[in-house]
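Breakdown of the fold
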Amino acid sequence: MFCYQCEEAAKGCGCTVQGVCGKEESTAALQDCLIYTIKGLSLRNIEARKTGKDNPVVGPLIAESLFAALTNVNFDNVRLYGLIMDTIAIRDSLPRGDCTHDACTWTPATIEDAIQKGTETGVLATENEDVRSLRELLVYGLKGIGAYYYHVVALGYQNDGVTRFMEEALASTLCDLETDEMIGLVLKCGEWGVKVLENLDRANTSTYGNPEITTVATAPNTNPGILVTGHDLKDLEDLLIQTEGTGVDVYTHGEMLPAHAYPVLKKYPHLIGNYGGSWPHQKKEFESFNGPVLVTTNCLVPPAESYKDLVYTTGPTGFAGVTHIPDVAEGMKDFSAVIAHAKTCTPPTDISEKRDGYIDELTTGCAHHAVLSIADVVVDAVKQGQIRKFVVMAGCDGRQKEREYYTEFAQALPKDVVILTAGCAKYRYNNLDLGDIGGIPRVIDAGQCNDCYSLVLIAKALADVFETDLNGLPISYNIAWYEQKAVLVLLSLLHLGVKDITLGPKLPAFISPGVLDVLVENFGIRANTTVEEDLKLMA
């Protein structure tokens, strides 16, 4: 086993025995095998397209497979092997053409064969460190595209350009390319990252309306409840429809908090509030919730035995021994088992904050439509010196104590600095009483990591008003990362020309010294240091 795709890579190098995430060696090998087979599928579909015989299901399957191999998503060997066999079945239904690479022809007889193939074709199969770094950086960016595109497809939208780029980029990693060409593909991944985030924004807002600035309760009600975590709004909607009139309340957790801001979803009175914080706290929070937990996407922490029977997975997520709610070809998933289970449970235990300096309600829904509707107020506050600076503190949360840096940084920011955020990194500071500036919240939460495009539109609007480019704005970037969707967001910022990004809590293990030199020289990327030093630089 060798895996170094997330921020928790063991000893800052890579996990070699078991993933810090809880992933077993066999699971890591199956994920590597799955990536290998979708590379072969990509080559075959590209070849088939030359004669008009490509298969339109390839794009959604690649997206789901990339998503399933992302950190903290699928720990279920049986389901991973099923994805491998589905991939091979579709691959072999396509004309082979000139595709002779092993990834285009290999077929396992057993799950053990697939584990062995993953061991042979994983990260270390590429010997040159810089080539390996660029290939993996591209693949991790593609995992981000796959994850975001999965949600686009779930809402009934598609983009053939995204599909074709995923195929092109995956196929490229089976070839010996020049360094400049590999760097070009990595930056092109950022370009398509922006496009897929735009697609997702349009799919979400077309389906559920434009988010509205909304205050969300954190204290629970007295009915039994279902806790929904992950990112999938369609799953949440299906559940809300099926729980109407049942006496069962629905709560969001982690990245689902922004769901409360969508007009179509907030109309359900039994969508009560947000319970708990970000993904690292699942074991405590799922235990105290007392009712079923529906995990729609990442991030899943291997559940403790004490509450494992309360956990249900759906979509790309999976864990051995946990009930999985299957997908449906069309219409709604059937959540009746989850609802029936909830009716037998006690109400959630109240874990909301009630301390000085903390707030027991959270504000979300500050997406581009809501913020740009008060753009004049924001611009006036900047021109009058009430707002001196914006700091983008988007990204992921994580388990390590060093993540307290982001809480301390937010607390230490001058009172005339506004935080722009998206993703679960906000849970390090969104319950702090940081106040507002003339009615403008000092924490502007655009939503999930899926909603990072809102921050781009807000920044572009400010750049137009002040007649400058993104780097000429009074905006600094202090980005927290954990997994591969954050990698894609970083590549998207680089595509947009954003420079001098501070990244933490440590730089990715998969970035070789040679590739890091390129990023530093061309984009000014740096690692965070101390709160005091970084404040001098950014605020």
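Residues numbered from 1 in each chain as written. Predicted model: local features only at pLDDT ≥ 70, side-chain atom pairs only at ≥ 80, totals over all residues. Heavy atoms only, no water.

Counting its secondary structure elements, the protein contains 18 helices and 16 strands. A compact globule built from 539 residues should have a C-alpha radius of gyration of about 24 Å, and the protein, at 22 Å, falls within 12% of that. Seen along its three principal axes, the alpha-carbon backbone of the protein occupies a region of about 65 × 60 × 45 Å. Every one of the 539 residues in the protein was classed for burial, and the buried ones make up 60%. A fraction of 74% describes how many contacts in the protein between residues 6 or more apart in sequence connect residues 24 or more apart. With an accessible surface of roughly 20,100 Å², the protein has 51% of that area assigned to carbon and sulfur atoms. Separation of charge centres in the protein, based on 44 positive and 71 negative side chains, amounts to 1 Å. (Helix = DSSP H or I, 4+ residues; strand = E, 2+ residues; numbered from the N terminus. Rg over C-alpha atoms; globule rule 2.2 N^0.38 Å. Buried < 20%, exposed > 50% of the residue type's maximum accessible area, 1.4 Å probe, protein only. Contact = heavy atoms within 4.5 Å. Areas by Shrake-Rupley, 256 points an atom, 1.4 Å probe, with all protein chains shown as cover. Lys, Arg positive; Asp, Glu negative; His and termini not counted. Charge placed at Lys NZ, Arg CZ, Asp CG, Glu CD.)

If you trace the 6 strands from one edge of the open sheet to the other, you get S4-S3-S2-S5-S6-S7, paired in parallel fashion. Pairing within the sheet leaves two strands with one partner each, and these edge strands are strand S4 (271-274) and strand S7 (323-325). Direction aside, neighbouring strands of the sheet carry axes that sit 30° apart on average. With 3 bridges connecting them, strand S5 (residues 293-295) and strand S6 (residues 311-314) associate as parallel partners. From the neighbouring strand, Val293 faces S6, where its bridge partner is Val311. In the packing of helix H8 (residues 233-243) onto the sheet, contacts are made with strand S2 (225-229), strand S3 (249-252), S4, S5 and S6, and the angle to S3 comes to roughly 160°. (Pairing = 2+ DSSP bridges. Axes fitted to C-alpha atoms, helices over the stretch in contact; angles between N-to-C directions.)

Helical periodicity: at 3.6 residues per turn, an α-helix aligns residues three or four positions apart in one direction. Spanning 25 residues, helix H1 (residues 25-49) covers 36 Å between terminal C-alpha atoms, matching the ideal 36 Å at 1.5 Å per step. Of all 25 residues making up H1, 19 are buried, and the element is well covered by its neighbours. (Expected span 1.5 Å × (residues − 1).)

Here is a general trend for soluble globular proteins: nonpolar side chains tend to be buried in one another's company. Residues Leu142, Ile145, Met166 and Phe390 are the most contacted members of the largest nonpolar core, which totals 127 residues. At 10 residues, helix H5 (residues 129-154) tops the list of elements feeding residues into this core. Every residue in contact with Met166, bar those within four places of it in the chain, is listed here: Ser42, Gly59, Ile62, Ala63, Leu66, Leu142, Ile145, Gly146 and Tyr149. With 24 residues, the next largest nonpolar core counts Leu236, Met256, Leu265 and Tyr312 among its residues. (Core = buried A, V, L, I, M, F, W, Y, C linked by side-chain atoms within 4.5 Å.)

Right, let's get into the sheet that holds strand S16 (residues 526-527). Strand order in the open sheet formed by 6 strands is S13-S10-S9-S14-S15-S16, with parallel pairing between adjacent strands. The sheet is open, and its two edges are formed by strand S13 (443-445) and S16, each paired on a single side. With 4 bridges joining them, strand S14 (residues 475-480) and strand S15 (residues 501-504) adopt parallel strand pairing. Residue pairing for S15: Tyr477 is matched across the bridge by Ile501. Against the sheet, helix H14 (residues 404-412) engages strand S9 (389-392), strand S10 (417-421), S14 and S15, with an angle of about 155° to S14.

A few words on the packing of aromatic side chains. Applying the stated rule across the entire model yields 14 aromatic pairs. Their ring planes at 75° and their centres at 5.1 Å tell us that Tyr275 and Phe289 sit as a pair that is edge-to-face. Here Tyr275, found in the loop between S4 and helix H10 (282-289), pairs with Phe289, found in helix H10; they are 14 residues apart in sequence, far enough to count as distant. Here Tyr275 matches Phe289 in class, with each residue buried. Relative to Tyr406, the ring of Tyr405 has its centre 4.8 Å away and its plane inclined at 90°; by these criteria the two rings are edge-to-face. (Phe/Tyr/Trp six-rings, centres within 6.5 Å; stacked < 30°, edge-to-face > 60°.)

Side chains that carry opposite charge are capable of pairing whenever their charged atoms lie near each other. This model, assessed by the stated rule, comprises 26 salt bridges. Of the charged contacts, one joins Asp445 and Lys426 as a salt bridge, the two residues approaching to 3.3 Å between their closest N and O atoms. Of this pair, Asp445 sits in strand S13 while Lys426 sits in the loop between S10 and strand S11 (436-437), and the two are 19 residues apart along the sequence. Just as Asp445 is buried, Lys426 falls in that class too. In this structure, the salt-bridge partner of Arg526 is Asp534, at a minimum N-O distance of 3.0 Å. Where salt bridges share partners, they join Glu7, Glu402, Arg403 and Lys506 into one cluster. (Salt bridge = Lys/Arg side-chain N within 4 Å of Asp/Glu carboxyl O.)

All right, on to the packing of H1 against helix H6 (residues 160-172) then. Following both chains from N to C, one finds H1 and H6 inclined at 120°, their axes separated by 8 Å at the closest point. Put simply, H1 runs oblique to H6. Two packed elements cross with a definite hand, and for H1 against H6 that hand is left-handed. For the pair formed by H1 and H6, the contact residues are Ile38, Lys39, Ser42, Leu43, Asn45, Ile46 and Arg49 on the first element and Arg164, Met166, Glu167, Glu168, Leu170 and Ala171 on the second. When the residues that make up the contact of H1 with H6 are grouped by side-chain class, the tally is 6 nonpolar, 2 polar and 5 charged. (Parallel < 35°, antiparallel > 145°, perpendicular 65-115°, else oblique. Left-handed = near helix turned anticlockwise from the far one by under 90°. Nonpolar A, V, L, I, M, F, W, Y, C, P; charged D, E, K, R; others polar.)

Where H10 is concerned, the buried positions are Gln282, Glu285, Phe286, Ser288 and Phe289. On an axial view of H10, the arc spanned by its buried residues comes to 165°, and they lie on one face. The inward-facing, buried residues of H10 contact S2, S3 and S5. Backbone geometry just after H10 places Asn290 at a positive phi near 75°. (Arc of directions from axis to C-beta.)

Secondary-structure assignment places Asp238 in helix H8. By relative accessible area, Asp238 is classed as buried at 2%. At 3.4 Å, the side chain of Asp238 and the backbone nitrogen of Lys333 are in polar contact. (Polar contact = N/O pair within 3.5 Å; in protein donor to acceptor, adjacent residues only side chain to side chain.)

With that settled, the discussion passes to empty space enclosed by the protein. The full count for this structure, using the stated rule, is 12 cavities of 30 Å³ or more. Estimated volume of the largest cavity: approximately 190 Å³. Together, 19 residues line the largest cavity, and Cys452, Leu455, Val456, Val489 and Leu493 are the ones closest to its centre. Broken down by secondary-structure element, the contributors of at least two residues to the lining of the largest cavity are helix H7 (179-208), helix H15 (452-465), S14 and helix H16 (484-495). Here the lining of the largest cavity takes 5 residues from H15, the largest share from any one element. Split into classes, the residues belonging to the lining of the largest cavity amount to 18 nonpolar, 1 polar and no charged. There is about 130 Å³ of room inside the second largest cavity. Residue assignment for the lining of the second largest cavity shows that the elements contributing at least two residues are H16 and helix H17 (513-523). The biggest single contributor to the lining of the second largest cavity is H16, with 5 residues. (1 Å grid on protein atoms, 1.4 Å probe; cavity = no way out; pocket = protein on both sides within 12 Å on 5 of 7 lines; lining within 4 Å. Points joined across faces, edges and corners; volume = space filled by probe spheres on them.)

None of this, on its own, says anything about what the molecule does.
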